[in-house]
Amino acid sequence: MISTTNGNSYEFQAWPSLVDTGITQAEIEKKINRCKELTRSQISACRDVHASSSSYWRSVSDGSWTDDEDFKRINLASQCCAFNHTELMAPAPRAELYPWERELLSLPPLYNLSDIASADRSVIDLLTDTSDGSLTLGSEVKFKVLERKTIGGDSVWVWLVTTELGASIAADVVDNKDGSYTASTILPWTGSVRIRAAIAYHRELFRANLYIQRLFKTTYWFTSTFKSNAGSETTPCSPLPFLPGFPEPEVCNLTDVNGFPWFCGKPVKKDLLNCSDFVSSKKLNSTSYYPLTEAEEELIVMLETKSPFMIANNITIIVLPGETDKKVFPQPDVLCDKRNLSLTFDDVSSSGFFYNKTWMPLACQLPRVEKEFLRKCLNNTQMIIIGDSNSRNQMDIITKMVNCTEKVNRTQVTWHAPLWCDVEDLGLSIKYYPPKMPFYGSVGEDLPNHVLYSSVSQLDAIPADGKYLVHLHHFLHLVPFHLSIAEHWLRLIRKAIERLMARNPHVIVVYQSAFTAFNRYMLMSGFLLQMQKEILRGLGDRVMFMFTWPITIASENHYGHPTVSDQFTQIYMGHVCGRW
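Since the structure is predicted, the reported quantities are computational estimates derived from the model, not experimental observations.

A look at the overall build of the chain
Piece 1. Helix and strand counts for the chain come out as 16 helices and 25 strands.
Piece 2. Scaling as 2.2 N^0.38, a compact globule of 580 residues should have a C-alpha radius of gyration of about 25 Å, and the chain matches this with 25 Å.
Piece 3. Each principal axis of the C-alpha atoms in the chain carries an extent, and together these give about 80 × 60 × 35 Å.
Piece 4. The burial tally for the chain puts 59% of its 580 residues in the buried class.
Piece 5. In the chain, which carries 56 positive and 63 negative side-chain charges, the distance between the mean positions of the two groups comes to 2 Å.

Okay, here's the thing in structure tokens:
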């Protein structure tokens, strides 16, 4: 049963969210019914929720101050899979399908795990001729991964490793759309090189995630609290104006307050509260179940418990020095601070490699980025860092390197809030700003509006004079939502950077890309990366794309906070320093 708050409903065939997809009414209803049954078997209260789900998304508690009770009811509704609301599912998050949506949503849902590509049944073959038993330093090498399937769509990663040298490099992989993948890279160090390959994500998992984002708009839910002198209330929120239990006329548009699209249900207590009483936001607990097939859920569990899905092979390549007798591919003559930063948007997975656990780009020569180097570089500089906890991590790394004195004591209250430090003898100031919603605080943390900042407003606040270095990173807080949210965000950021570049000739901007991990929450990173490159390209030679993707593949990253984040710092500071 598909419910609607106001008694009206779309004709199912006319749902905008389903246009040009292969999603059917039978699939939706089957998945919703299964999800209800699962949650009722796990949580006894879900039976009451399913009997009147709209009342759990809206405030029905007695009294004027009900924000805590409202949150608990909304949280229960999400845990009980009470998402079957027409006002949520019917509208399209974006009128036109993205190419990957069109391709993947045309496929049927997964009903049998035996239908996915198996790493155990996949093989990787060396295509490059090594009949003499070796290759020379700098040679190109090619591989072919065969999944024994007739179509592609999986995310396949290939990288080369010599563990004892602390050396690794990611390969560039092309999906041949026939169940095979071609990988290529160069051999930048000598010795015995082993090949590693994995199915990082299955196309069926992409399909399941896109189905959720198309119909239910997100894999994570938020609420916001409204408070006045007379009362309080909590309602569901999203960057899209489609909310369970709230038809369009009953939705607050809080975009102007938030600085980025943000929509919440209007308080039911209209005599006590209105949209202007929005004060804070909080995420709901992670949803236990979404309307998926049993096989799709099993695939998610496999990713969380058995990943990486490694493709076994016995390929070892002996790399010889060749005529130069060098052990490592020589660094180019051009220094990274002389490289046109716009070229960083053309970097590919094989554009650099680890050696002695240090990243070495192939396009330019990095300096040693150490304390005195940074102190000289950042003299009389204002550094602005805008983004999530990985951005805050960049501030931590640089702060320690230059002995920056913190001006804000870090406590639980300020953990998700602006940070600021100074190096007074250098005239250096470093400031960090967490972006506006959607932004995930800690479990149970209520984030007041004033601790989060609009990325666009912060860019527009930079004056027309002065030496500024801006670091931007938007990733993990965006990928749970339909990627039209990220696209909108990136287009606003681009316009703000254009205004900044025109206004201040002494500003350099570094945009840190999406990265990889063997982790469910990074599932959409490849699609976002493509979007970041396309939208931000062409902003000029003072805007750098910090391409983290190959670094995290080569380091076999498993974490939302990569352990090689210090390498990111070394790379972009090595490119930026020396340009002023």
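Once you've had a look at it, read on.
Let's talk about the state of the cysteines
Piece 1. Tallying each qualifying case throughout the model produces seven disulfides.
Piece 2. Paired by a disulfide, Cys 336 and Cys 364 hold their sulfur atoms 2.0 Å apart. With the S-S dihedral at roughly 90°, the linkage between Cys 336 and Cys 364 falls on the right-handed side. Linking Cys 336 in the loop between β15 (316-320) and β16 (352-355) with Cys 364 in the loop between β17 (358-361) and α10 (371-377), this pair joins segments that are 28 residues apart in sequence. Cys 364 carries the same exposure label as Cys 336, and that label is buried.

Examining the packing of helix α11 (residues 389-402) against helix α16 (residues 565-576)
Piece 1. Viewed as axis vectors pointing N to C, α11 and α16 meet at an angle of 70°, and their least axial separation amounts to 10 Å. What the angle tells us is that α11 and α16 run roughly perpendicular. Contact residues: α11 offers Asn 390, Asn 393, Gln 394, Ile 397, Ile 398 and Met 401, while α16 offers Ser 565, Asp 566, Phe 568, Thr 569, Gln 570, Tyr 572 and Met 573.
Piece 2. Tallied by class, residues from the contact of α11 with α16 come to six nonpolar, six polar and one charged.

Observations concerning empty space enclosed by the protein
Piece 1. A full pass over the atoms with the stated rule returns four cavities of 30 Å³ or more.
Piece 2. Put simply, the largest cavity is a space of about 170 Å³.
Piece 3. Every residue lining the largest cavity is counted, 19 residues in all, and those nearest its centre are Asp 347, Trp 359, Pro 361, Phe 547 and Ile 571.
Piece 4. Put simply, the parts of the chain that give the lining of the largest cavity at least two residues each are β17, β25 (543-546), α15 (549-554) and α16.

Structural notes on the sheet that holds strand β7 (residues 180-186)
Piece 1. Strand order in the open sheet formed by four strands is β1-β3-β7-β6, with antiparallel pairing between adjacent strands. At either end of the open sheet lies a strand with only one pairing partner, and these are β1 (123-126) and β6 (172-175). Each adjacent strand pair in this sheet contributes to an overall mean axis angle of 25°, direction not counted.
Piece 2. The sheet contact formed by strand β3 (residues 140-146) and β7 spans seven bridges and is antiparallel. Residue Lys 142 lies in a different strand from β7, and its bridge partner there is Ser 184.

With respect to α11
Piece 1. For α11, spanning 14 residues, the distance from its first C-alpha to its last is 20 Å, which sits close to the expected 20 Å at 1.5 Å a residue.
Piece 2. Judged by how many residues are buried, α11 sits mostly within the fold: twelve of 14 residues are covered.
Piece 3. Those residues of α11 that fall on the buried side of the exposure criterion are Ser 389, Asn 390, Ser 391, Arg 392, Gln 394, Met 395, Asp 396, Ile 397, Ile 398, Thr 399, Met 401 and Val 402.
Piece 4. For α11, the capping residue at the N-terminal end is Asp 388, with a side-chain oxygen 2.9 Å from the backbone nitrogen of Asn 390.
Piece 5. Where α11 terminates, the next one or two residues include Asn 403, which has phi positive at roughly 55°.

As for the pattern of salt bridges
Where charged atoms of side chains with opposite charge meet at close range, the side chains can pair.
Piece 1. All chains considered together, the criterion is met by 24 salt bridges.
Piece 2. As a salt-bridge pair, Arg 520 and Glu 304 come within 3.0 Å of each other at their nearest N and O atoms. Of the two residues, Arg 520 sits in the loop between β24 (507-512) and α14 (525-536) while Glu 304 sits in helix α9 (residues 294-306), which places them 216 residues apart along the sequence.
Piece 3. For Arg 520, a relative accessible area of 30% translates into the label partly exposed.
Piece 4. For Glu 370, the salt bridge goes to Arg 368, with nearest N and O atoms at 3.0 Å.
Piece 5. Since its relative accessible area comes to 41%, Glu 370 is described here as partly exposed.
Piece 6. Ionic contacts of the salt-bridge type, sharing partners, join the residues Glu 27, Lys 31, Arg 207 and Glu 296 into one network.

Comments concerning the environment of Met 437
Piece 1. Considering the arrangement of structural elements, one finds Met 437 in the loop between β21 (428-433) and β22 (447-448).
Piece 2. Separated by 15 residues in the primary sequence, Met 437 and Asp 422 have C-alpha atoms spaced 28 Å apart.

Some thoughts on unusual backbone geometry
Piece 1. That bond from Ser 307 to Pro 308 is cis: its omega, 5°, falls within 30 degrees of zero.
Piece 2. Its location among the elements puts Pro 308 in the loop between α9 and β14 (309-310).
Piece 3. Cis peptide bonds are those with omega within 30 degrees of zero, and the linkage from Met 437 to Pro 438 qualifies with 10°.
Piece 4. Even without glycine at this site, Arg 148 takes up a positive phi of about 60°.
Piece 5. Residues other than glycine seldom take positive phi values, yet Asn 403 does so here, at roughly 55°.

Here's the deal with the packing of aromatic side chains
For any pair of aromatic rings, the description rests on two quantities: the centre-to-centre distance and the angle between the ring planes.
Piece 1. Applying the stated criterion across every chain yields a total of 27 aromatic pairs.
Piece 2. Taking 5.2 Å as the distance between ring centres and 75° as the angle between the ring planes, the aromatic pair formed by Phe 206 and Phe 527 counts as edge-to-face. You can see Phe 206 sitting in helix α7 (residues 203-215) and its partner Phe 527 sitting in helix α14, a full 321 residues away along the chain. As far as burial versus exposure is concerned, Phe 206 and Phe 527 are alike and both buried.
Piece 3. Ring geometry for Phe 354 against Trp 359: centres 5.0 Å apart, planes inclined by 80°, an arrangement best described as edge-to-face.
Piece 4. For Phe 354, a relative accessible area of 5% corresponds to the buried category.
Piece 5. Following the ring pairs from residue to residue traces out a cluster consisting of Tyr 98, Trp 100, Trp 157, Trp 159, Tyr 201, Phe 206, Phe 518, Phe 527 and Trp 549.
Piece 6. Looking at Arg 73, its charged tip hangs above the ring of Tyr 56, at a distance of 4.0 Å from the centre.
Piece 7. Its end group placed over the ring of Trp 420, Lys 431 keeps NZ or CZ at 5.0 Å from the ring centre.

Quick look at the packing of helix α13 (residues 484-503) against α14
Piece 1. Interhelical geometry of α13 versus α14 gives an angle of 25° and a closest axis separation of 10 Å. As far as their axial angle goes, α14 and α13 are roughly parallel. Along this stretch, α13 crosses α14, giving a crossing that reads as right-handed. Side by side, α13 and α14 meet where Ala 486, Glu 487, Leu 490, Arg 491, Ile 493 and Arg 494 of the first sit next to Leu 528, Met 531, Gln 532, Ile 535 and Leu 536 of the second.
Piece 2. Here the residues of the contact of α13 with α14 are counted per class, giving seven nonpolar, one polar and three charged.

A word on the sheet that holds strand β10 (residues 232-238)
Piece 1. Read across the open sheet, the six strands follow the order β11-β12-β10-β9-β13-β22; overall the sheet is antiparallel. Each edge of the sheet is formed by a strand with only one pairing partner; in this case those strands are β11 (251-253) and β22.
Piece 2. Sheet topology note: the β10/strand β12 (residues 263-265) ladder contains two bridges and is antiparallel. Across the sheet, residue Cys 237 finds its bridge partner in β12, namely Cys 264.
Piece 3. Helix α4 (residues 67-79) contacts β9 (222-227), β10 and β13 (278-283) of the sheet and is inclined by roughly 35° relative to β10.

Rules of the game
Residues numbered from 1 in each chain as written. Predicted model: local features only at pLDDT ≥ 70, side-chain atom pairs only at ≥ 80, totals over all residues. Heavy atoms only, no water. Helix = DSSP H or I, 4+ residues; strand = E, 2+ residues; numbered from the N terminus. Rg over C-alpha atoms; globule rule 2.2 N^0.38 Å. Buried < 20%, exposed > 50% of the residue type's maximum accessible area, 1.4 Å probe, protein only. Lys, Arg positive; Asp, Glu negative; His and termini not counted. Charge placed at Lys NZ, Arg CZ, Asp CG, Glu CD. Disulfide = S-S within 2.5 Å. Axes fitted to C-alpha atoms, helices over the stretch in contact; angles between N-to-C directions. Parallel < 35°, antiparallel > 145°, perpendicular 65-115°, else oblique. Contact = heavy atoms within 4.5 Å. Nonpolar A, V, L, I, M, F, W, Y, C, P; charged D, E, K, R; others polar. 1 Å grid on protein atoms, 1.4 Å probe; cavity = no way out; pocket = protein on both sides within 12 Å on 5 of 7 lines; lining within 4 Å. Points joined across faces, edges and corners; volume = space filled by probe spheres on them. Pairing = 2+ DSSP bridges. Expected span 1.5 Å × (residues − 1). Polar contact = N/O pair within 3.5 Å; in protein donor to acceptor, adjacent residues only side chain to side chain. Salt bridge = Lys/Arg side-chain N within 4 Å of Asp/Glu carboxyl O. Phe/Tyr/Trp six-rings, centres within 6.5 Å; stacked < 30°, edge-to-face > 60°. Lys NZ or Arg CZ within 6 Å of the ring centre and 35° of its normal. Left-handed = near helix turned anticlockwise from the far one by under 90°.

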